[in-house]
Amino acid sequence: MNAKELKAILQALQDHEVAELTLETPDYKLTVRRGGPVQFITAQAAPVVSAPIAAPPHLVAPPPPTSHTPAPTPKVEEAHKEETNHYAEVKAPIVGTFYASPSPEAAPYVKEGDSVQKGQILCIIEAMKLMNEIESEVSGVVKKILAGNGEPVEYGQALFLIDPA
Amino acid sequence: MNAKELKAILQALQDHEVAELTLETPDYKLTVRRGGPVQFITAQAAPVVSAPIAAPPHLVAPPPPTSHTPAPTPKVEEAHKEETNHYAEVKAPIVGTFYASPSPEAAPYVKEGDSVQKGQILCIIEAMKLMNEIESEVSGVVKKILAGNGEPVEYGQALFLIDPA
Amino acid sequence: MFKKILIANRGEIALRVLRAARELGVKAVVAHSEADSQSLAVLLADEAICIGPPPSKDSYLNIPNLLSAAIITGADAIHPGYGFLAENPQFAEMCRDYGIVFIGPTPESMHSLGSKVGGREIAAQSKVPIVPGTGILETSQEAIAAAEGIGYPVLLKASAGGGGRGQKVVRNSEEMATAFAQAQLEALNYFGDPALILEKFIELFRHVEVQVMGDGKGHVVHVGERDCSIQRRNQKLIEEAPSRLPEDLRQEILAAGVRLAKHVQYAGAGTLEFIVDPEGHFYFMEMNTRIQVEHCVSEMISGLDLVKLQILIASGEPFTLEQEAIQLRGHAIECRLNAEDYEKDFRPSIGKIETLHFPGGPGVRVDSHLYTGYNVPPNYDSLVAKLIVHAPTREEAIARMHRALGETVIEGPGLKTTVAFHLEVMENSFYKRGAIFTNFVSTRMND
Amino acid sequence: MFKKILIANRGEIALRVLRAARELGVKAVVAHSEADSQSLAVLLADEAICIGPPPSKDSYLNIPNLLSAAIITGADAIHPGYGFLAENPQFAEMCRDYGIVFIGPTPESMHSLGSKVGGREIAAQSKVPIVPGTGILETSQEAIAAAEGIGYPVLLKASAGGGGRGQKVVRNSEEMATAFAQAQLEALNYFGDPALILEKFIELFRHVEVQVMGDGKGHVVHVGERDCSIQRRNQKLIEEAPSRLPEDLRQEILAAGVRLAKHVQYAGAGTLEFIVDPEGHFYFMEMNTRIQVEHCVSEMISGLDLVKLQILIASGEPFTLEQEAIQLRGHAIECRLNAEDYEKDFRPSIGKIETLHFPGGPGVRVDSHLYTGYNVPPNYDSLVAKLIVHAPTREEAIARMHRALGETVIEGPGLKTTVAFHLEVMENSFYKRGAIFTNFVSTRMND
């Protein structure tokens, strides 16, 4: 097999969009994976194991520009997530203002340590002057309340950690 | 396998977007990973010499922009340098036109295979209509003449490979 | 001036608005979906707020979340960018209801100009020519009668439709009956309504649009016109300013645009789209009641910052710029660089940006939200950068664009952009001499 | 037009010339040292040739190698950029001897304008004011007599000197004898020649310079003036155009610049430097017979491409641009971003660029040879990028520059740039209201 022959084979593979081919002749053994390694082993020679293909860029993604913008501070809940990843997280399904209780005078819906049932109201998120009751998706014990009363919350922000029953 | 054949194989791999090829024959073992080193091992010899081939532009250090500019083609002398790094390289100390002989009719100062002494004139570089004689910095045998007669040469371009005596 | 603006958009236009706000010294909150939490606008913003999951309908089109985001961050105005909610009168109305300034025209302007029928009425009132056409036609006989009056070829269109669907070109009365039946069926299928209208079919035309700015009280100026004829499937790919129309025709179209915008006491930035046939007839198509992707070419030739002006006008600053004070200079071209594989019929292409290098030097502007390491998300449109050049003449602008495209590197595994397409256009002899109609890409690029 | 231009420079100006050549459709060869083989200009060039080892004296100042490079690559012209050989009349003369066009003025112009004495003579001939001064003084008695005529304070200067060395300010006759002796000694030490001259000492002044373009046959236009008063140790850091001088004074200075350049039948791009005192007196200092780093601000306000014009004029194209056709618009500012540590007294800083992000959007221009992965070599000057903005007013230009600087990221291990310095200037209240003299950095930045 010479360079010209190899080229012809490769061309044929590409023309026919063949992803992989193994060819064994008395003279050589050829394995080609397009986009992957090619193994080419002559019959006389001991098989050669080829190294993994060019690894994905080992460079860590260059960081986004941040020089004059405040570095995004790791959110509190990220840390919690690490420590407590068996807990269920109740996240804000809408954007609005978090209220722990139905009215300023009333007691909070739940406190840390309380047991809650699936479907039980945990808090209110006020959005566009509408009070939206947020229910627990699981039954369990409230381990942590992550939003403060009257605080704005964004979509997907973790509000409660619940240890499922 | 000679340089030309190797080049043809490399070209074929690049054209067909093959990431890796391993080829073993009684004479040699070749492993090519595009974007990585080329391993070229003669069957008899242990030393592994790797020659970088034109790396596609997303490996290692974020590469210089090359999209619409011709990719820098690996210079011939680079390969030579790798294979023959015990040879002394005589480089162009000035920019100009390379002449192998003192005049068009005359015989070249040296031929491949000639023995030369330190200080012996190897060629002329014409710069601004002045003929500059270039002397050998070492004594030894001329293994390779890398510049063609009448060719322009840039500063630092390798002109001769000399096997030091 | 506003205390804080909520930017209800993404990509390059979110960054564009952020830049304008920053230069005006106004704080900005960037509202973003979960997919855009690492977008450049978010990273550069004073403040950012997540308003929903990746799909647009749940985030950038989520009116309650956007309004809540404005309310809880204390924003007193919302800039909608283009696309998404930019031309949604309900959204503008709700902003007003909640005491938040919508940076754009009034909901009433958007209502009346937003529909094809409304736009045609306003055009007629302000004596701006429109493509000859009919109201709803009941039968193919009615259509034949109308076509005789207008002159073949004509176009049957779904009354409820848009985007070219349910349209049939009819070249003579014999073709009408079949075409009518087919168009009715398509209209029913696509839009649930078989009602058809008929219009004169203009086959070969330039797309020319007039940029206007109004104060909402009847003061309107134009910032020149743009030629946006280089399109593919009704998507603009290259825009330039000024157009290459004869000067008297240019002035007529500019005057028509200003007349119409004055008629509706237009507020803010708007664009009046016209089609101009090879004989120099021009017809009003529609008005876009927002800033447009291609506003940059008008900025380049005028030296104005149209987004800053939008914000200033919306904030109630007196808009006193007179037409005579707007000096248009030189020629500007914009190429939209999309994450698409030009070689493979503009197939969308996404991925991570590993090598990024934008051109610089004289007369080159880049508007892009890309940065090295950014992942182009699959959820939104494919525009990744706008490359804009400005030079004294069109010829020099083309040479400059060619030079700038040649310096551009946007690379990542599997990522393709339309740089090669634009290079080809800049080298195209039809393009160079300005022989451009909207069929350019399909008819002039295979030579 | 030339067939091929050899670019005998490096860094951003090599790239600037390459861009101009490309837009003109002229091939370019970039001559580079071994340290610059991976420079952006080399990577983007049609052709590149190594002309020596890293030290400038062996490469960018190596006349034989540069001329040979032009000859063997078939270049018919050389663009010298700025610095290096740009104002070396011997080089210009040798180019002529070898039949290669030097893109710049004639060696004769450079000779006569290049020396301080020559420049003063030409200024006097063309009735352009110069700082009152004397010829060589033999004794302190002579100096006292001269100072009485000129008025204190006065400056004793080495006749052979430059760069502020061997200079002494003398505020009254009592100080003269000691100062004279010291200055003689310093002049001897630094320049091997004790000869002294005396000039009126102007303590507080603006540095204002006039950009001219001439055709070499007496046609000269100006492209406005620039204020380059923000300096540190005589190095310009920020330049802007136009200046904030009263209109009549501006016009007087512009006219003086054109008058002098016409007098010498100047060819190509040149700059006449003036000092302007707080009372509005202006004095010619010297003429720079080359394109300057800060030419970009003049390009921004005029819309012209000065480097393209340089090449066109040198190639023999008729230069017919009339003064009236040059419309200056808006205000432009340039910040020189140097690889220096502002916090540590502008200590030079080198290294590899790992994260690079330049600003974009309206009115922003970046001229930089940096790219991600580039190693800033230690061998040359520290300028790594020029950030230029343009806006309708100075106030808007400052806001725009502040915004653009805030988007700029140039990072690498150990690498520092002067971005923070420029941000501080843009926020400085003296700078904002234009109260700027050349002592700004030392006196106005510690408030």
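Reading the values: rules and limits
Residues numbered from 1 in each chain as written. Chains lettered and ligands numbered in written order. Predicted model: local features only at pLDDT ≥ 70, side-chain atom pairs only at ≥ 80, totals over all residues. Heavy atoms only, no water. Helix = DSSP H or I, 4+ residues; strand = E, 2+ residues; numbered from the N terminus. Buried < 20%, exposed > 50% of the residue type's maximum accessible area, 1.4 Å probe, protein only. Contact = heavy atoms within 4.5 Å. Areas by Shrake-Rupley, 256 points an atom, 1.4 Å probe, with all protein chains shown as cover. Rg over C-alpha atoms; globule rule 2.2 N^0.38 Å. Lys, Arg positive; Asp, Glu negative; His and termini not counted. Charge placed at Lys NZ, Arg CZ, Asp CG, Glu CD. Pairing = 2+ DSSP bridges. Axes fitted to C-alpha atoms, helices over the stretch in contact; angles between N-to-C directions. Buried area = accessible area lost by both parts, 1.4 Å probe. Salt bridge = Lys/Arg side-chain N within 4 Å of Asp/Glu carboxyl O. Polar contact = N/O pair within 3.5 Å; in protein donor to acceptor, adjacent residues only side chain to side chain. Nonpolar A, V, L, I, M, F, W, Y, C, P; charged D, E, K, R; others polar. Left-handed = near helix turned anticlockwise from the far one by under 90°. Arc of directions from axis to C-beta.

## Points about the overall build of chain A
Now for step 1: If you tally the helices and strands in chain A, you get two helices and eleven strands.
Now for step 2: The helix and strand sequence of chain A, counted from the amino end, reads α-β-β-β-α-β-β-β-β-β-β-β-β.
Now for step 3: Each of the 165 residues in chain A was classed as buried or not, and the buried ones make up 35%.
Now for step 4: Of the contacts made within chain A by residues no fewer than 6 positions apart, 48% connect residues no fewer than 24 positions apart.
Now for step 5: Of the roughly 9,500 Å² of accessible surface on chain A, a fraction of 54% belongs to carbon and sulfur atoms.

## Thoughts on the overall build of chain C
Now for step 1: Helices and strands together make up the secondary structure of chain C, namely 15 helices and 22 strands.
Now for step 2: What you see for chain C is a C-alpha radius of gyration of 22 Å, in line with the 22 Å of a compact globule of 447 residues.
Now for step 3: In terms of overall dimensions, chain C has C-alpha extents of about 65 × 55 × 45 Å along its principal axes.
Now for step 4: Looking at the 447 residues of chain C, the share that counts as buried comes to 62%.
Now for step 5: Pairs at least 24 residues apart make up 65% of the contacts formed inside chain C by residues separated by at least 6 positions.
Now for step 6: Counting every atom, chain C has about 16,100 Å² of accessible surface; 50% of that belongs to carbon and sulfur.
Now for step 7: Placing the 43 positive and 56 negative side-chain charges of chain C at their respective mean positions leaves the two points 3 Å apart.

## Quick notes on the sheet that holds strand β8 (residues 121-127) of chain B
Now for step 1: Across the sheet, which stays open at both edges, the four strands sit in the order β9-β8-β6-β11 (chain B) with antiparallel pairing between neighbours. At either margin of the open sheet sits one strand with a lone partner, and together these are β9 (130-135) and β11 (152-153) of chain B.
Now for step 2: Examined bridge by bridge, strand β6 (residues 96-99) of chain B and β8(B) share three bridges and lie antiparallel to one another. Counted as the bridge partner of Tyr99(B) is Ile124(B) from β8(B).
Now for step 3: Contacts from helix α3 (residues 63-73) of chain D reach β6, β8 and β11 of chain B within the one sheet, and its direction differs from that of β6(B) by about 70°.

## Side note on the interface of chain D and chain C
Now for step 1: At the interface, 35 residues of chain D touch 35 residues of chain C.
Now for step 2: For the pairing of chain D and chain C, the buried interface totals around 2,600 Å² over both sides, and the portion due to carbon and sulfur atoms is 49%.
Now for step 3: Area buried by chain D at its contact with chain C is led by Arg19(D), Glu23(D) and Arg329(D), which between them contribute 25% of it.
Now for step 4: At the junction of chain D with chain C, the criterion picks out ten salt bridges.
Now for step 5: We note a salt bridge from Arg19(C) to Glu407(D), for which the minimum N-O separation is 2.7 Å.
Now for step 6: Applying the counting rule to chain D against chain C returns 18 residue pairs in polar contact (both at pLDDT 80 or more).
Now for step 7: Only α1 (11-24), α2 (40-44), α10 (295-302), β18 (355-357), β19 (364-368) and α12 (394-407) of chain D provide two or more residues apiece to the side of chain D that touches chain C.
Now for step 8: Among the elements that take part in the side of chain D that touches chain C, α12(D) stands out by supplying six residues, more than any other.
Now for step 9: Tallied by class, residues from the side of chain D that touches chain C come to 13 nonpolar, eight polar and 14 charged.

## A word on unusual backbone geometry
Now for step 1: A cis amide bond links Tyr152(C) with the next residue in sequence, Pro153(C), at an omega value of -5°.
Now for step 2: Residue Pro242(D) follows Ala241(D) across a cis peptide bond; omega there is -10°.
Now for step 3: Along the chain, Pro242(D) falls in the loop between β11 (235-241) and α9 (247-263).
Now for step 4: Positive phi outside glycine occurs at Lys129(B), with the angle close to 70°.

## A word on the environment of His79(D)
Residues and elements named next belong to chain D.
Now for step 1: Take His 79: it is sitting in strand β4 (residues 77-79).
Now for step 2: Expressed as a C-alpha distance, the spacing of His 79 and Tyr 152, which sit 73 residues apart in the sequence, is 44 Å.
Now for step 3: Ignoring anything within four residues of it in the chain, the contact list for His 79 reads Ile 5, Leu 6, Ile 7, Ala 8, Val 17, Ile 103, Ile 291, Val 307, Gln 310 and Ile 311.
Now for step 4: A polar atom in the side chain of His 79 sits 2.9 Å from the backbone nitrogen of Gly 81.

## Some points on the packing of helix α3 (residues 63-73) of chain C against helix α4 (residues 89-97) of chain C
Residues and elements named next belong to chain C.
Now for step 1: As a packed pair, α3 and α4 sit with axes 11 Å apart at the nearest point and diverge in direction by 35°. By crossing handedness, the relation of α3 to α4 is classed as right-handed. Side by side, α3 and α4 meet where Ile 63, Leu 66 and Leu 67 of the first sit next to Phe 91, Met 94 and Cys 95 of the second.
Now for step 2: In the contact of α3 with α4, the residues fall into six nonpolar, no polar and no charged.

## Points about helix α7 (residues 140-150) of chain C
An α-helical turn contains 3.6 residues, so any two residues separated by three or four positions project in the same direction.
All names here are of chain C.
Now for step 1: Here α7 has its buried residues at Ser 140, Ala 143, Ala 146, Ala 147 and Ile 150. With its buried residues spanning 115° around the axis, α7 presents them on a single face. What points out from α7, more than 90 degrees from its buried face, is the exposed set Gln 141, Ala 145, Glu 148 and Gly 149.
Now for step 2: Among the residues trailing α7, Gly 151 stands out with phi positive, at a value near 100°.

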